[in-house]
Amino acid sequence: MPDTETPLTSIRARIQAACAAAGRPPEAVTLLAVSKTRGADEIAALADQGQRHFGENYLQEALDKMPALAGRDLIWHFIGPLQSNKTRDVAAHFDWVHSVDRAKVARRLNDQRPDALPPLNVCLQVNVDDEDSKSGVPLAAVPALAEQFQEWPRLRLRGLMAIPRADAEDGNRAAFRRLAMTLSQLRNTMPALDTLSMGMSADYPVAIEEGATLVRIGTALFGPRPPKA
Ligand SMILES: *Cc1c(COP(=O)(O)O)cnc(C)c1O
């Protein structure tokens, strides 16, 4: 039933509309379905509709779901907080990591990425609102950490990710613009960087207007998340 409207088809349509409004081609933005707390059956249902990129926050939960989805050619993104003791499994089971914010974690991912796999795609998580409580590289420290990726051949630095504060009056436009500006400056010396991972259910059209190339959407696709047990 290709004409039936589903959350996936309406989000795709909103992404296309936001791209058109910003004068960007529709394929400029990748939809990452954030499937934390969702069962393998729900992921399979989206995969049947052509969705390929899925984002997970909790390592063990993701590892538990992946076997049931093997063979579907899905692309797995780790987007949750990343401590050193999780890097081995992340390096072995994911295609992308969006939450790298220190050299120690990056070095471990590089050393632990299996030889049989292509380099792991990495985004640096940036503390774009300079919040004390937030993880993420401070904006001013981004260039130095990005330079260090020359030492890590098993990682492919792709760009920047941010989770702006939830209460900004401008729908996070200023934060998205700061992140986009930082990437654009990095690209002067690192032209291969191509990814701005920003925008979630509540603010992805604004993120697309400000240059997002990948939006991370959970609630708008799957409905509200059940409270964590
Ligand atoms: C949960 C989560 C999302 C998705 O948030 P929604 O508001 O449900 O769309 C996006 N990015 C990160 C890093 C998340 O943890």
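Right, let's walk through the structure included here. For clarity, every value in this text was computed on a predicted model and none was experimentally measured. (Residues numbered from 1 in each chain as written. Predicted model: local features only at pLDDT ≥ 70, side-chain atom pairs only at ≥ 80, totals over all residues. Heavy atoms only, no water.)

With that settled, the discussion passes to the overall build of the protein. When you go through the protein residue by residue, the secondary structure sums to nine helices and nine strands. Over its C-alpha atoms, taken along the principal directions, the protein stretches across nearly 50 × 40 × 35 Å. A fraction of 57% describes how many contacts in the protein between residues 6 or more apart in sequence connect residues 24 or more apart. With the model as given, the accessible surface of the protein reaches about 11100 Å², and the carbon-plus-sulfur share is 51%. Once the 27 positive and 28 negative side-chain charges of the protein are each reduced to a mean point, those two points are 3 Å apart. (Helix = DSSP H or I, 4+ residues; strand = E, 2+ residues; numbered from the N terminus. Contact = heavy atoms within 4.5 Å. Areas by Shrake-Rupley, 256 points an atom, 1.4 Å probe, with all protein chains shown as cover. Lys, Arg positive; Asp, Glu negative; His and termini not counted. Charge placed at Lys NZ, Arg CZ, Asp CG, Glu CD.)

Here Gln112 shows up in helix H5 (residues 103-112). For Gln112, a relative accessible area of 13% gives the class buried. (Buried < 20%, exposed > 50% of the residue type's maximum accessible area, 1.4 Å probe, protein only.)

This brings us to the site of the ligand. Taken together, 13 residues surround the ligand, and among them Lys36, Asn57, Ser201, Thr219 and Arg225 come closest. Gly218 places a main-chain nitrogen or oxygen 2.9 Å from an oxygen atom of the ligand. Thr219 is positioned with one of its side-chain polar atoms (N or O) 2.5 Å from an oxygen atom of the ligand. Protein burial of the ligand: of its 390 Å² of free accessible surface, 89% is covered by the chains. Here the shell around the ligand is built from residues that sort into six nonpolar, four polar and three charged. (Near = heavy atom within 4 Å. Polar contact = N/O pair within 3.5 Å; in protein donor to acceptor, adjacent residues only side chain to side chain. Nonpolar A, V, L, I, M, F, W, Y, C, P; charged D, E, K, R; others polar.)

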